[in-house]
Amino acid sequence: MLIKNIITGSILAGGLVASVSAAQWHMPTPYGDSNHPTKIAYQFAEEIKENTKGELDITVHSGASLVKHPEIPRAVKTGQVQMGEVFIGIMGNTHPIFKHDNIPFLATNYADAKKLWEAAKPEMQKQLNKEGMTLLYAVAWPAQSLYSKDPVNSLADLEGSRMRAYSPSTSRLADLMGTTPTTIQVPEIPQAFSTGIIDAMITSPSTGANGQAWDYVNNYTDIQAWIPKNVVVVNTRSFKRLDKETQQVILDAAANAEKAGWEVVQAEAKKDTQTLIDNGIAVAQPSEKLLGELATIGETMEAEWLAESGPEIKALIENYKK
């Protein structure tokens, strides 16, 4: 463990030195190589390397191998690394704007999710700037649905179970569903199920397919609760040290990455849902009772979110719902 810490510390320290010469940057991401946001991150880094003729080489550290997921925003903010990818909702404790991404049933299709993102983006940029980070791009996940060992026709079927949580909003959702929230990050999911730490989770078909969910659950209820996103951010000071031409290369690559992310996500969702079916998971549409119960929870969470927020969040919602 000591050796690993020394190596990791050396990489992070080396990143600080490299940022001055703009030669070698480090970009931790929370998900594995088979996930589409990570694939896009590799393409993003390769485009920058190619268009700067190797002058800026970004190493993507996937699967939380360099920095653990909850620590990525702080690592970018403090300059330990120059860039990082993070699930928006995981930052929910720092400002209410980040919770917009995990409110159930606020945006359940891709057109609405894109509209919500456009409404939220200005406030996101403003808050990230205050924290020393610059927003580069966002990548949507497939809609989040329910994995469980047994079929779920109503919330009563989940009573007493332990639900995976990965953000403040998903912890609150688990509470309102009558389950016990347990914080588990993606690499830990299989072991958490196999050891009984969790019994159910709400996540994307992609996470289930890439993590071979058929090894530990039998049922997938397609509730399509919300469509969350990852964002890629850059340390603002590191970015501003670059010459204008290199900055523009990064911004152009970011625009291409965001475009690719929104284009690929629907095909990924369909493909990964079929992978679940092909491997024996029973995929079912939710009952009217379950949908009604979850919709009520969504209304509660939206009301709670607005109650803790300032006028900028209320304006965001009004703009989104026009």
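Just so it is clear, the structure is predicted and the values come from calculations on it, not from any experiment.

A. Representation of the side chain of Ser204 within the structure. Among the structural elements, Ser204 can be located in the loop between strand S8 (200-203) and helix H7 (205-210). Overall, the relative accessible area of 0% leaves Ser204 in the buried class. Within the structure, the side chain of Ser204 is placed 3.0 Å from the backbone nitrogen of Thr207, a separation counted as a polar contact. In this structure Ser204 touches Trp141, Pro142, Ala143, Gln144 and Tyr147, once residues within four positions along its chain are discounted.

B. Summary view of the packing of aromatic side chains. Within the structure shown, the criterion is met by five aromatic pairs. A cation over an aromatic ring shows up here: Lys114 above the ring of Trp262, its NZ or CZ 5.3 Å from the ring centre. Over the ring of Tyr320 we find Lys115, and its NZ or CZ is 5.9 Å from the ring centre.

C. The arrangement of the nonpolar core in detail. Within the largest apolar cluster, 39 residues are counted, with the highest numbers of intra-cluster contacts made by Trp117, Met124 and Val231. Elements with a contribution of two residues or more to this core: helix H3 (72-77), helix H4 (110-130), strand S4 (133-140), strand S10 (229-235), helix H9 (244-278) and helix H11 (311-320). Ranked by the residues each element gives to this core, the list is headed by H4, at eight residues. Those residues in contact with Val231 that sit more than four places away from it in its chain are Gly84, Glu85, Val86, Ile88, Met91, Trp117, Met124, Leu135, Tyr137 and Ala138. Residues Trp25, Leu136, Ile250 and Ala254 belong to the second largest nonpolar core, which totals 23 residues.

D. Fine view of the sheet that holds S10. Across the sheet, three strands lie side by side as S3-S10-S4; this open sheet has antiparallel pairing. The strands lining the two open edges of the sheet, one partner per strand, are strand S3 (83-87) and S4. Pairwise comparison of adjacent strand axes, ignoring direction, gives a mean angle of 25° for this sheet. Direction of pairing for S4 relative to S10: antiparallel, over a ladder of seven bridges.

What counts and what doesn't
Residues numbered from 1 in each chain as written. Predicted model: local features only at pLDDT ≥ 70, side-chain atom pairs only at ≥ 80, totals over all residues. Heavy atoms only, no water. Helix = DSSP H or I, 4+ residues; strand = E, 2+ residues; numbered from the N terminus. Buried < 20%, exposed > 50% of the residue type's maximum accessible area, 1.4 Å probe, protein only. Polar contact = N/O pair within 3.5 Å; in protein donor to acceptor, adjacent residues only side chain to side chain. Contact = heavy atoms within 4.5 Å. Phe/Tyr/Trp six-rings, centres within 6.5 Å; stacked < 30°, edge-to-face > 60°. Lys NZ or Arg CZ within 6 Å of the ring centre and 35° of its normal. Core = buried A, V, L, I, M, F, W, Y, C linked by side-chain atoms within 4.5 Å. Pairing = 2+ DSSP bridges. Axes fitted to C-alpha atoms, helices over the stretch in contact; angles between N-to-C directions.

Any functional reading would require information beyond the geometric quantities listed.
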